[in-house]
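Observations on chain architecture
As a plain string of letters, each chain reads:
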Amino acid sequence: MPEMPEVQGLVAFLDERVTGLKITRTSVAAIAALKTYDPPIEALRGASITGVTRHGKFIDVSTDAAHLVFHLAKAGWLRWYDALPSTIIKPGRTPIALRVALSDGSGFDLTEAGTKKSLAVYVVRGPADVPGIARLGPDPLDPAFTRDAFAALLTGRRTQIKGLLRDQAVIAGIGNAYSDEILHVAKMSPYALAAHLDDEAIDRLYAAMIETLRDAVAAASGKPPADLKDAKRRGMRVHGRRGEACPVCGDTVRSVFFADNSLEYCPTCQTGGKLLADRRLSRLLK
């Protein structure tokens, strides 16, 4: 799933290329992906793009008519064309969910792989009209999101820290991959309870979060969409590296499997050498 750093990379790429252009055509190939009807998507035809911004994991293409907002979800992506193909999109026969044509002949497709479709597209008068954006917590890279603001979010939450970092209503933009990376840098178990963290642990976790996300955003900066996924994979320390050596201590990276994803961690760095039980048991193996 694209997370904040990759989404920010896409935003920077699009903002540089599309601001000032007009949308000449939109073609919806997966009607289920379009979550709104007022304004209609046809309202974007002829609209001038005024900028591209990010809200958590949402991308917001603002125009002088409406906002085109999309969330790439687990298997969505953006495919850019300097010269947009003239081929006709056939619904149900392609991974393309939406095609956007621009006034200089360029454009992009929103695509989604697999059978579980969760990519979401909205045409709204303002980004707050998107329910997912209205519920977002603070952005962790906002200068106003200080260590003390972070500590206040943790107070009284008897929630495992891995889940809390991924909760978009608490902190916007972090998902499964970067929560693994942040916890590895912080040397913290993903099963640690947020409310039980002392001041030193909060300091460590906050610093790890800011460092990890800033480094990842910097790594994504300037890369075209086609290169962002591979750059993300190369930058991972533990996520997606089950069975490989931890880059810090050399121990074997382990996984805990869920219904539709997994987490990765280093026992030596994060859990005192203990192996984490399956998430359904929610306890450490003795």
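A quick note: this is a predicted structure, and the numbers were derived from the prediction, not measured. (Residues numbered from 1 in each chain as written. Predicted model: local features only at pLDDT ≥ 70, side-chain atom pairs only at ≥ 80, totals over all residues. Heavy atoms only, no water.)

A short note on the packing of helix H1 (residues 4-18) against helix H6 (residues 199-220)
Formally: Every angle, taken between N-to-C directions, lies between 0 and 180 degrees, and every axis is a line fitted to C-alpha atoms, over only the stretch in contact when it is a helix. Here a helix means four or more residues in a row that DSSP labels H or I, a strand means two or more in a row labelled E, and each is numbered from the N terminus. Left-handed describes a crossing in which the near helix is turned anticlockwise from the far one by less than a right angle; the clockwise case is right-handed. When checking whether two residues touch, look at their non-hydrogen atoms; a contact exists if any pair is within 4.5 Å.
Put simply, H1 and H6 touch, their axes get as near as 8 Å, and they point 35° apart. Here H1 and H6 pass one another in a crossing that is right-handed. Where H1 abuts H6, its residues Met4, Pro5, Gln8 and Gly9 lie against Leu213, Ala216, Val217 and Ala220.

What to know about the sheet that holds strand E4 (residues 67-71)
Quick note on the threshold: Here a strand pair is declared whenever DSSP counts at least two bridges between the two strands.
With antiparallel pairing, the 4 strands of this open sheet are ordered in space as E2-E3-E4-E8. Of all the strands in the sheet, the pair left with one neighbour each is strand E2 (49-55) and strand E8 (120-124). Adjacent strand axes in the sheet meet at a mean angle of 15° when their direction is disregarded. Sheet topology note: the E4/E8 ladder contains 5 bridges and is antiparallel. Its bridge partner lying in E8, Val69 is registered against Tyr122. Helix-sheet contacts for H1 involve E2, strand E3 (58-63) and E4, and the interaxial angle to E2 is about 175°.

Details of the confidence of the model for the chain
Spelled out, the test is: Confidence scores labelled pLDDT are given residue by residue by the predictor and lie between 0 and 100.
Mean pLDDT over the chain stands at 94; residues scoring 70 or higher make up 97%. This stretch, residues 282-286, has a pLDDT under 50; its non-local contacts, to residues over four places away or in other chains, come to 11 contacts.

Considerations on H6
Worth spelling out the cut-off: The span expected for a helix works out to 1.5 Å for each residue beyond the first. Only protein chains enter the accessibility calculation, which uses a 1.4 Å probe. A residue is then buried if its area is under 20% of the maximum for its type, exposed if over 50%, and partly exposed in between.
Spanning 22 residues, H6 covers 32 Å between terminal C-alpha atoms, matching the ideal 32 Å at 1.5 Å per step. Along H6, the residues classified as buried are Ala201, Ile202, Leu205, Tyr206, Ala208, Met209, Ile210, Thr212, Leu213, Ala216 and Ala220. Considering only its buried residues, H6 is in contact with H1, helix H3 (147-154), helix H4 (161-166), helix H5 (176-186) and helix H7 (225-235). Phi turns positive one or two residues past the end of H6, at Gly222, with a value near 85°.

Observations regarding the pattern of salt bridges
Going by this rule: Only one rule defines a salt bridge in this text: a Lys or Arg side-chain nitrogen within 4 Å of an Asp or Glu carboxyl oxygen.
Under the defined criterion, the tally for this structure stands at 13 salt bridges. Asp199 serves as the salt-bridge partner of Arg147, at 3.5 Å between the closest nitrogen and oxygen. Here Arg147, found in helix H3, pairs with Asp199, found in helix H6; they are 52 residues apart in sequence, far enough to count as distant. Owing to a relative accessible area of 53%, Asp199 belongs among the exposed residues under this scheme.

Thoughts on the pairing of strand E10 (residues 262-265)
Residues of E10 alternate between two faces, with Ser262 and Glu264 on one and Leu263 and Tyr265 on the opposite face, all of them buried. Here 4 bridges tie strand E9 (residues 254-257) to E10, and the two strands are oriented antiparallel to one another. Of the residues in E10, the one forming a bridge with Phe257 is Ser262.

Remarks on H1
For H1, which comprises 15 residues, the first-to-last C-alpha distance of 20 Å matches the rise-based estimate of 21 Å (1.5 Å per residue) to within 8%. Of all the positions in H1, only Met4, Pro5, Glu6, Val7, Gly9, Leu10, Val11, Phe13, Leu14 and Val18 are classed as buried. Phi turns positive one or two residues past the end of H1, at Gly20, with a value near 95°.

Some points on the sheet that holds strand E1 (residues 23-28)
Pairing is antiparallel across the open sheet formed by 4 strands, whose spatial order is E1-E6-E7-E5. Edge positions in the sheet fall to E1 and strand E5 (76-81), since each of these pairs with one other strand and no more. Strand-to-strand twist in this sheet, taken as the mean axis angle between neighbours without regard to direction, amounts to 15°. Two elements, strand E6 (residues 96-102) and strand E7 (residues 107-112), share 5 bridges in a ladder whose sense is antiparallel. The residue of E7 that forms the bridge with Ala101 is Gly107.

What to know about the packing of H1 against H7
For clarity, the cut-off: Each angle gets one of four labels, with under 35 degrees taken as roughly parallel, over 145 as roughly antiparallel, 65 to 115 as roughly perpendicular, and the rest as oblique.
In the contact formed by H1 and H7, the axes pass within 10 Å of each other and the chain directions differ by 160°. The angle between H1 and H7 falls in the class roughly antiparallel. Where H1 crosses over H7, the two elements pack in a sense that is right-handed. Contact with H1, carried on its side by Glu6, Gly9, Leu10 and Phe13, involves Pro225, Leu228 and Lys232 of H7 and no other residues of that element.

Brief notes about the side chain of Ser62
Topologically, Ser62 is positioned in strand E3. For Ser62, a relative accessible area of 15% translates into the label buried. Setting aside its immediate chain neighbours within four residues, Ser62 contacts Ser48, Ile49, Thr50, Gly51 and His67.

Some points on unusual backbone geometry
Across residues other than glycine, the phi torsion is negative in most instances, and most of the peptide bonds are trans. At the junction of Asp38 and Pro39, the peptide bond is cis and its omega measures out at 5° in the coordinates. In this structure, Lys187 is a non-glycine residue whose phi angle is positive, near 55°. You can see Lys187 is positioned in the loop between H5 and H6. On the accessibility criterion, Lys187 (44% relative accessible area) is partly exposed.

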